[in-house]
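These are the residues of each chain, in order.
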Amino acid sequence: MKCFECRAILFDLDGVLVDSTAYVEEQWRRWARSKGLPEEPFLRVCHGRRALETIRLAAPHLDAEAEVAAFVPEEYEGDGRFQALEGAGRLLEALPRGTWAVATSGTRTMAIERLRGSGLAVPRVLVCAEDVAHGKPSPDVYLLAAAELGVAPADCLVVEDAPAGVEAAHAAGMRVVAVTTTHLRHQLPADVCTTSLTNIHLGRILSAPGSAPRMELLVQDR
């Protein structure tokens, strides 16, 4: 068990709060096929990154901005397109109001659809792809989320599932808990790794007059 103290918790969305992995990967498969491109290069880098950075990495010969602007998501044929990952609802409901945010590489429209579709609350602070000039692994989304919450980066704890997101959080000067929902433990150089949000528990909450409360977060390293 590891214990972290923080004033804010910043969550990635896909693979952390919402199980949308199959949907995301199917979108990239279909898009790659429509362009006559192999799927694997996109699947290797799509998790945790904006579409813009994914295309620039996997197909640098394309005009990434034009491709993103023209992209229209297709309907996913699977059942239960978006579901909250186990433990997500419990953890979010336990956190004091105004102490958490979502910072995602997806668009705002997609983020709200996925949160609502999985029965999770849409937070006051929601930082999305269109809010920053540079996506993960740049620290921009996490620095902006901290600023909007009014909390110093060093007082934030990030929950991530992808290497690009872990890198972004560390670049922002934040500690990281990684959940191994989309990547293996050895691919996630976080401060601690765990298999599920069910292994993350809120401990003591210490009031601090004039500032956000200090929270104790307990994480089972498993």
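Let us look at the structure shown here.

## Focus: the overall build of the chain
(1) Moving on: When its secondary structure is counted, the chain shows eight helices and eleven strands.
(2) Moving on: Taken over C-alpha atoms, the radius of gyration comes to 17 Å for the chain, in line with the 17 Å a tight globule of 222 residues would show.
(3) Moving on: With respect to the principal axes defined by its C-alpha atoms, the chain has extents near 55 × 35 × 30 Å.
(4) Moving on: Across the 222 residues of the chain, 50% fall into the buried class.
(5) Moving on: Look at the contacts in the chain between residues 6 or more apart in sequence, and 61% of them connect residues 24 or more apart.

## Some details on the state of the cysteines
Two cysteines joined by a covalent bond between their sulfur atoms form a disulfide.
(1) Moving on: In this structure the tally under the stated criterion is zero disulfides.
(2) Moving on: This cysteine, Cys128, is not joined by any disulfide, and Cys156 carries the nearest cysteine sulfur, 17 Å off.
(3) Moving on: For Cys128, a relative accessible area of 0% gives the class buried.
(4) Moving on: Cys156 takes part in no disulfide bond, and the closest cysteine sulfur, belonging to Cys6, lies 7.9 Å away.

## Observations regarding the side chain of Glu160
(1) Moving on: Examined against the element boundaries, Glu160 turns out to sit in strand 7 (residues 156-160).
(2) Moving on: The buried category is assigned to Glu160, whose relative accessible area is 0%.
(3) Moving on: Once you skip the residues sitting within four places of it in the chain, Glu160 turns out to touch Asp12, Val16, Lys136, Tyr142, Gly165, Val166, Val176, Val177, Ala178 and Val179.

## Brief notes about the sheet that holds strand 2 (residues 8-11)
Sheet strands associate in pairs through backbone hydrogen bonding, adopting either a parallel or an antiparallel arrangement.
(1) Moving on: Spatially, the six strands line up as an open sheet ordered 6-5-2-7-8-9, and their pairing is parallel. Of all the strands in the sheet, just strand 6 (126-127) and strand 9 (192-194) have a single pairing partner and so form its edges.
(2) Moving on: The sheet contact formed by strand 7 and strand 8 (residues 175-179) spans four bridges and is parallel. When the bridges of strand 8 are listed, Leu157 appears paired with Arg175.
(3) Moving on: Packed onto the sheet, helix 7 (residues 140-149) meets strand 2, strand 5 (100-103), strand 6 and strand 7 and runs at close to 150 degrees relative to strand 5.

## Focus: helix 1 (residues 21-34)
An α-helix turns once per 3.6 residues; consequently, residues spaced three or four apart project the same way.
(1) Moving on: The terminal C-alpha atoms of helix 1 lie 20 Å apart, and with 14 residues this matches the ideal 20 Å at 1.5 Å per residue to within 8%.
(2) Moving on: If you follow the buried residues of helix 1, they end up packed against helix 2 (40-45), helix 3 (51-58), helix 4 (64-70) and helix 6 (108-117).
(3) Moving on: Gly36 sits one or two positions beyond helix 1 and adopts a positive phi of about 70 degrees.

## With respect to the nonpolar core
(1) Moving on: Ranked by internal contacts, the top residues of the largest apolar core, which has 31 residues, are Ile9, Phe11, Leu17, Val159, Leu197 and Ile200.
(2) Moving on: Only strand 1 (2-6), strand 2, helix 5 (88-94), strand 5, helix 6, strand 7, strand 8 and strand 11 (214-219) provide two or more residues apiece to this core.
(3) Moving on: Setting aside its immediate chain neighbours within four residues, Ile9 contacts Leu95, Thr99, Trp100, Ala101, Leu157, Val159, Met215 and Leu217.
(4) Moving on: Within the second largest apolar cluster, 25 residues are counted, among which are Val132, Val151, Met174 and Val176.

## Some details on the pattern of salt bridges
(1) Moving on: On inspection of all chains with the given rule, the structure shows 17 salt bridges.
(2) Moving on: With a closest N to O distance of 4.0 Å, Glu5 and Arg214 form a salt bridge. Taken together, the positions of Glu5 in strand 1 and Arg214 in strand 11 put the pair 209 residues apart, joining distant regions of the chain.
(3) Moving on: You can call Glu5 partly exposed: its relative accessible area is 34%.
(4) Moving on: Arg214 gets classed as partly exposed once you look at its relative accessible area, which sits at 22%.
(5) Moving on: Asp155 serves as the salt-bridge partner of Arg214, at 3.4 Å between the closest nitrogen and oxygen. Taken together, the residues span a long stretch of sequence, with Arg214 in strand 11 and Asp155 in the loop between helix 7 and strand 7 at a distance of 59 residues.

## Overview of the environment of Trp28
(1) Moving on: Here Trp28 shows up in helix 1.
(2) Moving on: Sequence-wise, Trp28 and Cys46 are 18 residues apart; in three dimensions their C-alpha atoms are separated by 8.0 Å.
(3) Moving on: In contact with Trp28, other than residues within four places in its own chain, are Phe42, Leu43, Cys46, Ala51, Thr54 and Ile55.

## Structural notes on the side chain of Arg114
(1) Moving on: Along the chain, the position of Arg114 falls in helix 6.
(2) Moving on: Given a relative accessible area of 6%, Arg114 falls into the buried group.
(3) Moving on: One polar contact links Arg114 to Asp14, side chain to side chain, over a distance of 2.9 Å.
(4) Moving on: Excluding residues within four positions of it along the chain, Arg114 makes contact with Leu13, Asp14, Val18, Ser20, Tyr23, Val24 and Phe82.

About the cut-offs
Residues numbered from 1 in each chain as written. Predicted model: local features only at pLDDT ≥ 70, side-chain atom pairs only at ≥ 80, totals over all residues. Heavy atoms only, no water. Helix = DSSP H or I, 4+ residues; strand = E, 2+ residues; numbered from the N terminus. Rg over C-alpha atoms; globule rule 2.2 N^0.38 Å. Buried < 20%, exposed > 50% of the residue type's maximum accessible area, 1.4 Å probe, protein only. Contact = heavy atoms within 4.5 Å. Disulfide = S-S within 2.5 Å. Pairing = 2+ DSSP bridges. Axes fitted to C-alpha atoms, helices over the stretch in contact; angles between N-to-C directions. Expected span 1.5 Å × (residues − 1). Core = buried A, V, L, I, M, F, W, Y, C linked by side-chain atoms within 4.5 Å. Salt bridge = Lys/Arg side-chain N within 4 Å of Asp/Glu carboxyl O. Polar contact = N/O pair within 3.5 Å; in protein donor to acceptor, adjacent residues only side chain to side chain.

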